[in-house]
Amino acid sequence: MQSQTLARIARVLVYATAVVPLIIFAQYISPFHFGKAIIFRSIIELLVVVYGMLVIVDRSYAPRMHGLTVAMLTFTAAFGIATATSIVPWASFWGSLERMGGFFSFLHFTAFALIVPSVLRERAHWIFFLNLLVAGGVLSALYGFGQKLPVCTPGSSGICALSSWFIGGGGRERIFGTIGNAALFAGYQISVVFLALALWVRGQGSTWERRLYQAMIGLGLLAVTMTVVRGSLLGVGLGALLFTAGMWWKFRETWSRNALVGVLGIAAILGLLISVPALKDSSIAQGSRFMRRLTDTSFDSYTAKTRFWAWDAGLRGWQESPKTMLLGWGPENFNIPFAQHFNPQFFRGYGSETFFDRAHNMFVEVLVTMGLLGLGSYVALFATLFWALYRISQRDDASWRMAWALGSGTVAYMIHNAFIFDTTANWLLFFAIFSFIAWERFGQGATAPQRLIAARWVAPAIGVALSIIACIFIWTTAVIPARANRAITWGIVYGWNNDFPRAVSSFKEGIEKNTIGLYEYRHRFAQFLLDDVSRFAPLGVQFTDAMQYAIAEVEKNKIKNPHDYLPLLYLSRLYVTLGKDDPTSAWNDKALENATAALKLSETFVRTYYEIGQAYLNKNDYETGVAWFKKAAKLNPEVAVSYWYVGAVELERNNKAVAMDYFEEAFDRGYVGTEVDYNRVVPLYNEFNNYTRLVQIFEELVKIQPADAQYRVSLSAAYASAGRIDDALQAAREAVKINPELIDEARMFARSLGREL
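Residues numbered from 1 in each chain as written. Predicted model: local features only at pLDDT ≥ 70, side-chain atom pairs only at ≥ 80, totals over all residues. Heavy atoms only, no water.

Draft legend 1. Main features of the overall build of the protein chain. Assigned secondary structure in the protein chain consists of 36 helices and zero strands. A globule of 757 residues ought to have a C-alpha radius of gyration of about 27 Å, and the protein chain, at 30 Å, matches this closely. Referenced to the eigenvectors of the C-alpha coordinate spread, the extents of the protein chain come out at roughly 100 × 60 × 55 Å. Long-range contacts, defined here as pairs at least 24 residues apart, represent 69% of the contacts in the protein chain between residues at least 6 apart. Here the protein chain contributes 68 positive and 58 negative side-chain charges, whose respective centroids are spaced 12 Å apart. (Helix = DSSP H or I, 4+ residues; strand = E, 2+ residues; numbered from the N terminus. Rg over C-alpha atoms; globule rule 2.2 N^0.38 Å. Contact = heavy atoms within 4.5 Å. Lys, Arg positive; Asp, Glu negative; His and termini not counted. Charge placed at Lys NZ, Arg CZ, Asp CG, Glu CD.)

Have a look at this one:
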C-alpha cells in the first residue's frame, strides 16, 4: 500500500477523534465518560496499526525527538513508574469506571500526541483538524444551552418536545453539555475558546471565517459563564486579561484596547458585587441562584471547604513515607490517602459527598498519586510548552498573536485545573493543542520519502500482526466492557420495574464478564440490593441467595483491594441486613469483623461507626451499640443523624426521657427523616405533650404524603394543641378536600374550637 494512501487513512482517523467529546452512551453507567474513552482508545488503536505500516513504508513519517516529545515521554514514564509501584497497580493501570482514566488510557494519549504531528504535515491538515475540534466544542455548547429548556408534560410539542432530546436537561441552572460535569465542561470550553481565539488572531482565512471564529469564541465564553464554575471563570478571566493586555502592549490596536477595557470593566463590576456588602446583598445579586453562586467567594462555603479538606487529606497522605513522596500512591488511588486522613466534617448525613476519588486539583492529584517525580514532569510539560510558544512568537507578528493566544489559554487551563481534574475530552483537547504547538515549533522535517528495501513485504506483515493485536484490544477493552456495562445498566432498569429475577440475572451477566469496571459493578449490585431491602426481602430465599452472591463478589474486591475500606463497608452492611432478625446469627459477627477492619483503614469515617453500632443492635447489645453511635456524634457533633440513632436506641430500651433529649438534639441540628422515622416518635412526643415539635413532624409527613388525609387531620390536631387555631382549621379543610367523608368530623372539630369550618 502506498504511503500516501496510508497517510490519508491515518489523517481520517485523527480527524475522527474530534467527535469524541460529543459522544454520550445514554443507556450506560457513566454515560458521559465511558463511551468517550472506549471510542477514543479504539480509534487510536486502529491509528497505531495504520501508522505502524506507514512508518515501515516511509520512515520520514517517524516521530521526531525534540523538547516537547521528551517532556511528554518523561511524564508518560513517570506515570508508568507510579503505576508499577502503585499500592493498587490494577486500579492505576485500568482506572475507574466513573472517570475512565489510568495508565492504559494515558498511553493512548501519548500515542495520539506522537502520531498527530507526524501525519498532519501541512497547514491545511491542521486548520481542518483544529476547525473540527472547535466545531465540536460549539456543538457541545449548543447541547448545553439545550439543557436549559424547560421540562414539559408528556405529549407536549415545540420547545417542550425538543427539551427531551437533551440528557441532563430540564431547565438546569448549571449546564454541562456533552461532558457530564459542569466543571469538566467549563475546562473543555476554555480550551475551545482559546483555540478559536488563536485561529482568529492569526489572521488567515476569509472574512466570514474570522467572523465565525468570533461567534464561536462568544458561544464558548457564554457556555463557561453558564456553568458558574468559579475556578473556571477565574481562569478564563485571567487568561482573557493576559491576552488582551499583551495584544494592546504589542500592537496598540483599537480592538485590543476596547477588549482590555471590557475585561477590566467586567472584573471591576464583579469585584464590587463581591466586596461591597450592600451590592452583594442586593436584590440583583441575590435574585437568582446563578448570581448568588457567582458572587459567593467565601472560603466558608461547604463546597470550598470540601476542596480544602480533600487537598489536606491528600497532602498528609503524600507525606507518609519517602516512597509516597517520591512516587506517590499510584494513579487513580487518591481515595486511599483521602480515606486514611478523612475529615469527619465531610459527613453531614446520608447523601453527603464523602468519597473523593480525585483531589479536584490536578497539581495536588499528580503530587499525591505520582509523587515528586510525577509533579516535576507534569510541570515540565507546561514549561516546555511555554518555551515552544515563546520560540514560535519570535517568527513574525501572526505567529506572535497565535502563540500569545495559546499561551494565555494554557494559563487559563492551568488555573482551571487547580480546582478540578482531566478526563477524556479535556485530555484530548490538551494534547491536540500540544501536538499543534509541537508541529508549529519543530515541523515534520524531511518530507521526501525514505523507503525501506523490504517494505513491500514487511509493511503488510506488520500490518496484519498489528491488526490482530488491535482487534484483540478493541474486543477485550471496548466491546466486552461495553456489553458488561450495558448488562449492569439493564439490571438497574429491571430493578426499577420490580423485575427482581431479571435484574439479578442481568447484574450477574455483567459481573461475570470479568472486565473493566468489575470493582464498581460488584458494588453496584450490592447497593441495588441494599437500597430496596424492604421491597425485595419478602422474596425470601431468592433475595437471600442474591445477597450471598453479592457478598461473594464483594469479598473478591476486599481481597484485591486490601487498603480500601469501601468493600469492607459494603460487606458489613450486607451482613447486617442478613443478620438483623436473628441476634445469634453469625452474619452479625461477620458484619463486626468487616466494619472493624474498615475502621482500621479510616479511623475517622463516621459511617463505619454506624455499621458497628447497628451490628451490636442486631445482637441485642444495646449498651455497646449506643456507645458507638455516641462516638460517631463526637467525631462530628454537627451531624443530626447520629443523635437520632442514639435516640432510637434509647427509645427501644424504653429510656423515654433520654430518647427525647437526643431526638430534640437531632431536630435542633436540622434532622430530616423518613415517614417511618417520624411515625416512630409521634407517640413519644404525644406522651410528653410537645405540640410544637408535633406540628413540625406532621408538617414533614404532609410533605412526604401530601395525599394522605389522616396526616392532615393529625396536623390539624397538633396545631390546635399548640394554640394555632387558624392553621388547625385550614389543615382540617385541606383534609376534607382530600377525603370529603371527613366533613362531619371536621365540623365537630371546628366547633370544639369555637369556630365554624
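Draft legend 2. Here's a closer look at the side chain of Arg-41. Checked against the element boundaries, Arg-41 lands in helix α2 (residues 34-57). One buried charge, Arg-41, has no salt-bridge partner; the nearest side chain with opposite charge is Glu-45, at 5.3 Å. With near-sequence residues (within four places) excluded, Arg-41 lies in contact with Met-100, Phe-104, Ser-105, His-108, Thr-477 and Ile-516. (Buried < 20%, exposed > 50% of the residue type's maximum accessible area, 1.4 Å probe, protein only. Salt bridge = Lys/Arg side-chain N within 4 Å of Asp/Glu carboxyl O.)

Draft legend 3. Representation of the nonpolar core in the model. Of all hydrophobic cores here, the largest spans 236 residues; its most connected members are Phe-129, Phe-431 and Phe-525. Here this core gets 17 residues from one element, more than from any other, and that element is helix α8 (residues 182-201). In this structure Phe-525 touches Val-504, Phe-507, Ile-511, Ala-546, Tyr-549 and Ala-550, once residues within four positions along its chain are discounted. Counting five residues, the second largest nonpolar core, distinct from the first, contains Ala-735, Val-736, Leu-742 and Ala-746. (Core = buried A, V, L, I, M, F, W, Y, C linked by side-chain atoms within 4.5 Å.)

Draft legend 4. Broad picture of helix α1 (residues 3-16). Taking 1.5 Å as the rise per residue, α1 with 14 residues should run 20 Å; its terminal C-alpha atoms sit 20 Å apart, in good agreement. Looking only at α1, the buried set comprises Ser-3, Leu-6, Ala-7, Ala-10, Arg-11, Leu-13, Val-14 and Tyr-15. Packed against the buried residues of α1 are α2, α5 (103-119) and α6 (123-146). (Expected span 1.5 Å × (residues − 1).)

Draft legend 5. Structural view of the pattern of salt bridges. Considering all chains together, one arrives at 26 salt bridges under this definition. When the shortest N-O distance is used, the salt bridge between Lys-558 and Glu-555 registers 3.8 Å. With Lys-558 and Glu-555 both in helix α25 (residues 541-560) and three residues apart, the pair spans about one turn of that helix. Residue classification places Lys-558 among the partly exposed residues on the basis of a relative accessible area of 24%.

Draft legend 6. Seen up close, the packing of aromatic side chains. Enumeration over the complete set of coordinates arrives at 72 aromatic pairs. The interplanar angle of 15° and the centroid separation of 5.9 Å between the aromatic rings of Tyr-28 and Phe-34 together place this pair among those described as stacked. Between Phe-629 and Tyr-645 the ring centres are 5.2 Å apart and the planes differ by 45°, which places this aromatic pair in the tilted class. Taken together, the residues span a long stretch of sequence, with Phe-629 in helix α29 (residues 622-635) and Tyr-645 in helix α30 (residues 640-652) at a distance of 16 residues. Judged by its relative accessible area of 22%, Tyr-645 is partly exposed. (Phe/Tyr/Trp six-rings, centres within 6.5 Å; stacked < 30°, edge-to-face > 60°.)

Draft legend 7. Expanded view of the environment of Leu-601. The residue Leu-601 is located in helix α27 (residues 586-601) in this model. A relative accessible area of 19% means that Leu-601 is categorised as buried. Each residue touching Leu-601, except ones within four places of it in the same chain, is listed here: Ala-339, Gln-340, Pro-562, His-563, Asp-564, Tyr-565 and Leu-568.

Draft legend 8. Molecular detail of helix α34 (residues 709-721). Taking 1.5 Å per residue, 13 residues should reach 18 Å; α34 reaches 19 Å between its end C-alpha atoms and fits that length. Restricting attention to buried positions, one finds in α34 the residues Ala-709, Tyr-711, Arg-712, Leu-715, Ser-716, Ala-718, Tyr-719 and Ala-720. Two or three places before Gln-710, at the start of α34, stands the capping residue Asp-708, its side-chain oxygen 2.9 Å from that residue's backbone nitrogen. Two residues or fewer past α34, Gly-723 is found with a positive phi of approximately 85°. (Polar contact = N/O pair within 3.5 Å; in protein donor to acceptor, adjacent residues only side chain to side chain.)

Draft legend 9. How the structure looks around the environment of Ala-597. You can see Ala-597 is positioned in helix α27. Separated by 85 residues in sequence, Ala-597 and Val-682 have C-alpha atoms that sit 38 Å apart.

Draft legend 10. Highlighting the packing of α5 against α6. Contact pair α5 / α6: the axes reach a minimum separation of 9 Å and the direction vectors enclose 130°. Viewed along their axes, α5 and α6 adopt a mutual orientation that is oblique. Residue-level inspection shows Phe-112, Val-116, Pro-117 and Val-119 of α5 in contact with α6, the latter providing His-125, Trp-126 and Phe-129. A class-by-class count of the residues in the contact of α5 with α6 yields six nonpolar, one polar and no charged. (Axes fitted to C-alpha atoms, helices over the stretch in contact; angles between N-to-C directions. Parallel < 35°, antiparallel > 145°, perpendicular 65-115°, else oblique. Nonpolar A, V, L, I, M, F, W, Y, C, P; charged D, E, K, R; others polar.)

Draft legend 11. Fine view of unusual backbone geometry. The phi dihedral of Met-100 is positive, around 55°, even though this residue is not glycine. Summarising the element assignment, Met-100 is placed in the loop between α4 (89-94) and α5.

Draft legend 12. Examining the packing of helix α3 (residues 67-84) against α5 more closely. Where α3 meets α5, the closest approach of the two axes is 11 Å, and the angle between their N-to-C directions is 170°. Classified by the angle between their axes, α3 and α5 sit roughly antiparallel to one another. In the packing of α3 onto α5, the handedness of the crossing is left-handed. Each of Thr-69, Met-72, Leu-73, Phe-75, Thr-76, Phe-79, Gly-80 and Thr-83 in α3 lies in contact with α5, whose residues at this interface are Phe-103, Phe-106, Leu-107, Thr-110, Ala-113 and Leu-114. Class assignment for the residues of the contact of α3 with α5 results in nine nonpolar, five polar and no charged. (Left-handed = near helix turned anticlockwise from the far one by under 90°.)

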